[in-house]
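# Reading the structure
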Amino acid sequence: MLAPIKWMKKYVDIDVDDKTLADQLTLTGSHVDAVIDYNKEVKGVITGKILEINQHPNADKLVVTKIDTNHGQPLQIITGAKNIKKGDVVPVALEGAELPNGLKIKKTNFRGLPSYGMMVSYEELGFEDKVIPKESRDGIIILPPETPLGVDIKEVLELNGSALEVEVTFNRPDCLNIVGMAREAAATLGTRFKFPKIEIKNEEGNIKDYLNGVEIEDEDLCSRFYARVIKDIKIGPSPLWMQRTLMDAGMRPINNIVDVTNFVMLELGQPIHAYDLEKLEGRKLIARRAKEGEKIVTIDQNERILNKSMLVIADAQKPACIAGVMGGHYSEISDDTKIMALETANFNPKSIRETSKKLGLRSEASARNEKPMGYVLCEIASNRVCQLIEMIGAGTVVGGYLQAGKSEYEPPVVTLRPHRSNALLGVEIPVADMLKYLNTLEIESVYDGEKITSRIPYFRTDIEQEADLIEEVGRLYGFENIESKPLRGSTRVGRKSDLRMVEDEIKTILSGMGLYEITTYSFISPKAYDNICAKEDSHLRNYVRILNPLGEDFSSMRTTLLPNMLEVIQRNSNREVDSAKLYEVGSIFMPLDQPVTKEPLEGLKLCIGMYGSYDFFDLKGIIYAMLTRFGIKAEVKYVTDNAAFHPGRTAAICVNDDLIGIFGETSPKVTDNYGLDHRVYLAEIDIEKILKYKNTEWKYESLPKYPSMVRDLAVIVKDEVLAGDMEKEIKKVNPYLIESVELFDVYKGEHITEGYKSTAFSVTYRNKERTMKEKEVEKIHEKILQELSKKFKAVLR
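Now for a quick tour of the structure.

## Looking at empty space enclosed by the protein
Enumeration according to the criterion identifies one cavity of 30 Å³ or more in this entry. Each pocket or cavity is described by its volume, and for the largest cavity that value is around 170 Å³. Along the wall of the largest cavity there are 16 residues; nearest its centre are Asp174, Asn177, Leu268, Leu377 and Phe459. With three residues, the single largest contributor to the lining of the largest cavity is helix α4 (residues 178-189). Looking at the lining of the largest cavity, its residues break down into nine nonpolar, five polar and two charged.

This is the structure in structure tokens:
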């Protein structure tokens, strides 16, 4: 929020420079982001009156003017501006003048005629386009006719001063206005605060002759509704002082009625809405829920479709305003408006916030209405608008008012124990000082010798309990004045959980093997399960549906990491990354019921993805190397019923017959679904089961004293025979003397019958007590061949 310091000074005595004010406000809890300097570097620009306007004899788009600046003879100035007329008072940049954009004014010749200066626009004076009045956006500044001539424009437009850019927290809506910031400045500086005096000098008639009533049908969405009527409306520009005040606060002047309502909203923090009373059916205002599918065209001339959760202000027939957010087009104030109804109300902040979000509408009004505000402010703000309209001669205030809902305010009472305050703040503050701080903030407080009893003013909706009062005492005492003290209490050594340590170790191992880590979102599209060919009854399709998703592509919590990995591989492949080894450690979410009423189970999974110059055995080697680091001896088993994987190139990873993961080549259909023209190898492993079977209590053996003997063995078997099963059978022949079995080749092709493969193993023999003899090894080797032939019908190659 922008808070012009000149405006604040109307309500508080500020006797420090701007930077000191900003620093002190920040120390007392009002965070000032910046001090914006409004001083304009303007020299030689004065006011002048247009005496003549004549067409340029040699240029169709230029006119020749004579301007009286009250300094000698009238000046001849040539311009192309379209918004000027004879008698207008305008800013004139004389020869030698300097403007904020660095422009220096010189005598200039336009098509044979001299021009001795230039008429000036707001933009040329350094104003941003967003605050320039509509009538001056494409032309010269037109000053009030009573403006004296020959006066420096810096004096006329008050081109000086500065503003505070304040970050107002959600719990302090009382600071989202100039009076609130002035109140904070008074408490911070210890100076006097002056609330604007509100007095309506002349009221005519009775409001009941113009407005037939106000009603609240849904008090849970609107707690108070206050209305007044103003007649004899005269639409026109607002006074220059009001325009400049709004501009310094970052708001564009529109016309006198709109400017007054915006002025009071910025001044007091209460949004106000004005209706053309003659356009309201039945001349009534009703706060009610919108009907399902009800439509309204808002003042931005866009049609909005409403639902029954939204509050509207309606006449007897249809909505006239989306309550607290934006007015309706048909009932807005226009140049023909003669009588207007003024609405101020106290709305349910949650309802306003949700309505604004659903409709995609944000405004200065909704930003304030979506925060809790005291309903007493409705009457104060309404009367202030009436006062200002009467002051600037824009209309006549009709006597009386109509209201519905709450009207009497009973201040909440909160007590404060001084000893509790001192204990919590860690500093001894005298009770007298506590009372001074609270009363300075207009929190009426008295001490009965035991506790302080405080009556909370209507504008402090954030104070509800003792701790809130302690905070007020602390910030005015100055948190920076409280001496820092070491923390007291028992200390504990923090450590990561066992699961987190396993996760970190996995990342270290895989990164060390050249894999790149990826991170993806936990929410995916339901179509992802189709892409990986999950069956209709698959547990993967039992996912958590997100009620308010960012879009269809982010509407389910994932039950597997495979779609995320495939999307990353697809993205990299499309960008001509020919080969990659990737991994992700992430959570999956499994609901306990549908619809979800209980917290879903969250599991931690590892997904590995490879393509390009890598194959099935590269992936298997990485998995086995990783599991070995955790002391896990895993077995692989044949898998045929997982549609995401190729039926002949997939294996399950098991420990003691407990499935801990799966790996293999993706099925051709899955590859096609992701638009890939190469093979992809994936693995998904349960990290919690890695933790379960982890065994890193390593046992060490002395180096062998006797040499080993190595024999290779190649046999032909059917394709469906697993190498892992053959390894187990080989070791069973003589576990004592067979030290290791290693698969080193699988061959299919020439000289091998179709449907068969050649599988080659390297078998290492060793006797730990003596050197083995050749005949012993040959005997065991022969036994191995017999067992393989018996179990797998293997034939020696």
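What follows continues from the structure just given.
## So, the environment of alanine 186
With respect to the element layout, alanine 186 can be found in helix α4. Classification of alanine 186 as buried rests on a relative accessible area of 3%. Beyond its immediate chain neighbours, meaning those up to four positions away, alanine 186 contacts Val12, Thr191, Arg192, Phe193 and Thr440.

## A look at the pattern of salt bridges
In the structure shown here, the tally under the stated rule is 55 salt bridges. For glutamate 517, the salt bridge goes to lysine 507, with nearest N and O atoms at 3.3 Å. Of this pair, glutamate 517 sits in strand β27 (residues 516-517) while lysine 507 sits in helix α13 (residues 498-512), and the two are 10 residues apart along the sequence. Under the relative-accessibility criterion, lysine 507 is labelled partly exposed at 22%. The network of salt bridges with common partners includes Arg172, Asp174, Glu184, Arg460, Asp462, Glu472 and Arg475.

## Observations concerning the layout of surface pockets
Volume-wise, the largest pocket comes out at about 1600 Å³. Around the largest pocket, the lining is made up of 32 residues, and of these Thr628, Ile632, Lys633, Ala634 and Lys731 lie nearest the centre. Elements that contribute at least two residues to the lining of the largest pocket include exactly α16 (616-629), β33 (635-638), α19 (723-733) and β38 (738-747). Split into classes, the residues belonging to the lining of the largest pocket amount to 13 nonpolar, seven polar and 12 charged. Space inside the second largest pocket adds up to approximately 1300 Å³. What lines the second largest pocket is a set of 44 residues, and nearest its centre among them are Met251, Ile254, Val258, Asn262 and Ile299. Of all the secondary-structure elements, those providing two or more residues to the lining of the second largest pocket are α6 (256-268), β14 (273-276), β19 (319-322), β20 (326-327), β21 (340-347) and α8 (364-369).

## Details of the environment of proline 114
Note on placement: proline 114 falls in strand β8 (residues 113-115). On the basis of relative accessibility, which here comes to 21%, the residue proline 114 falls in the partly exposed class. For the pair proline 114 and glutamate 778, spaced 664 residues apart in the sequence, the C-alpha separation amounts to 118 Å. If we ignore the near neighbours within four places in the chain, the residues touching proline 114 are Gln76, Ile78, Lys107, Thr108 and Asn109.

## With respect to a positive patch on the surface
A contiguous patch of positive charge, built from Lys43, Lys104, Lys106 and Lys154, is present on the exposed surface. Within the fold, lysine 43 resides in strand β3 (residues 43-55).

## Regarding the state of the cysteines
Going through the model one piece at a time under the given rule, you end up with zero disulfides. Note on cysteine 533: no disulfide assigned, nearest cysteine sulfur contributed by cysteine 607 at a separation of 16 Å. Free cysteine cysteine 654: the closest other cysteine sulfur is in cysteine 607, separated by 18 Å.

## Re the sheet that holds strand β24 (residues 413-416)
In space, the three strands of this open sheet follow the order β24-β26-β25, with antiparallel pairing throughout. Two strands close off the open sheet at either side, each with one partner strand: β24 and β25 (444-447). Taking each pair of neighbouring strands and ignoring which way they run, the sheet shows an average axis angle of 20 degrees. As judged from the four bridges shared by β24 and strand β26 (residues 452-455), these two strands associate in the antiparallel manner. Counterpart to leucine 416 in the pairing with β26 is isoleucine 452.

## Observations concerning the pairing of β21
Burial within β21 is extensive, with eight of its eight residues counted as buried. In β21, alternate side chains face the same way, and those of Met340, Leu342, Thr344 and Asn346 on one face and Ala341, Glu343, Ala345 and Phe347 on the other are all buried. Here strand β13 (residues 222-231) pairs with β21 via eight bridges, running antiparallel. Bridged to alanine 227 within β21 is glutamate 343. Sheet analysis places β14 next to β21, joined by four bridges and oriented antiparallel. Looking at the pairing, histidine 273 lines up with glutamate 343 of β21.

## Here's the deal with the pairing of strand β35 (residues 658-666)
For β35, the buried fraction is high: eight of the nine residues fall into the buried class. Where strand β34 (residues 645-655) lies against β35, seven bridges are found, and the strand directions are antiparallel. Bridging from a neighbouring strand, cysteine 654 pairs with leucine 659 of β35. Linking β34 to β35, which pair antiparallel, is a turn of two residues; within it asparagine 656 sits at a positive phi near 55 degrees. Alignment of β35 against strand β36 (residues 680-686), held across five bridges, turns out to be antiparallel.

Calculation notes
- Residues numbered from 1 in each chain as written.
- Predicted model: local features only at pLDDT ≥ 70, side-chain atom pairs only at ≥ 80, totals over all residues.
- Heavy atoms only, no water.
- 1 Å grid on protein atoms, 1.4 Å probe; cavity = no way out; pocket = protein on both sides within 12 Å on 5 of 7 lines; lining within 4 Å.
- Points joined across faces, edges and corners; volume = space filled by probe spheres on them.
- Helix = DSSP H or I, 4+ residues; strand = E, 2+ residues; numbered from the N terminus.
- Nonpolar A, V, L, I, M, F, W, Y, C, P; charged D, E, K, R; others polar.
- Buried < 20%, exposed > 50% of the residue type's maximum accessible area, 1.4 Å probe, protein only.
- Contact = heavy atoms within 4.5 Å.
- Salt bridge = Lys/Arg side-chain N within 4 Å of Asp/Glu carboxyl O.
- Patch = residues over 30% accessible without salt bridge, like charges linked within 9 Å, V, L, I, M, F, W, Y side chains within 5 Å.
- Areas by Shrake-Rupley, 256 points an atom, 1.4 Å probe, with all protein chains shown as cover.
- Lys, Arg positive; Asp, Glu negative; His and termini not counted.
- Charge placed at Lys NZ, Arg CZ, Asp CG, Glu CD.
- Disulfide = S-S within 2.5 Å.
- Pairing = 2+ DSSP bridges.
- Axes fitted to C-alpha atoms, helices over the stretch in contact; angles between N-to-C directions.

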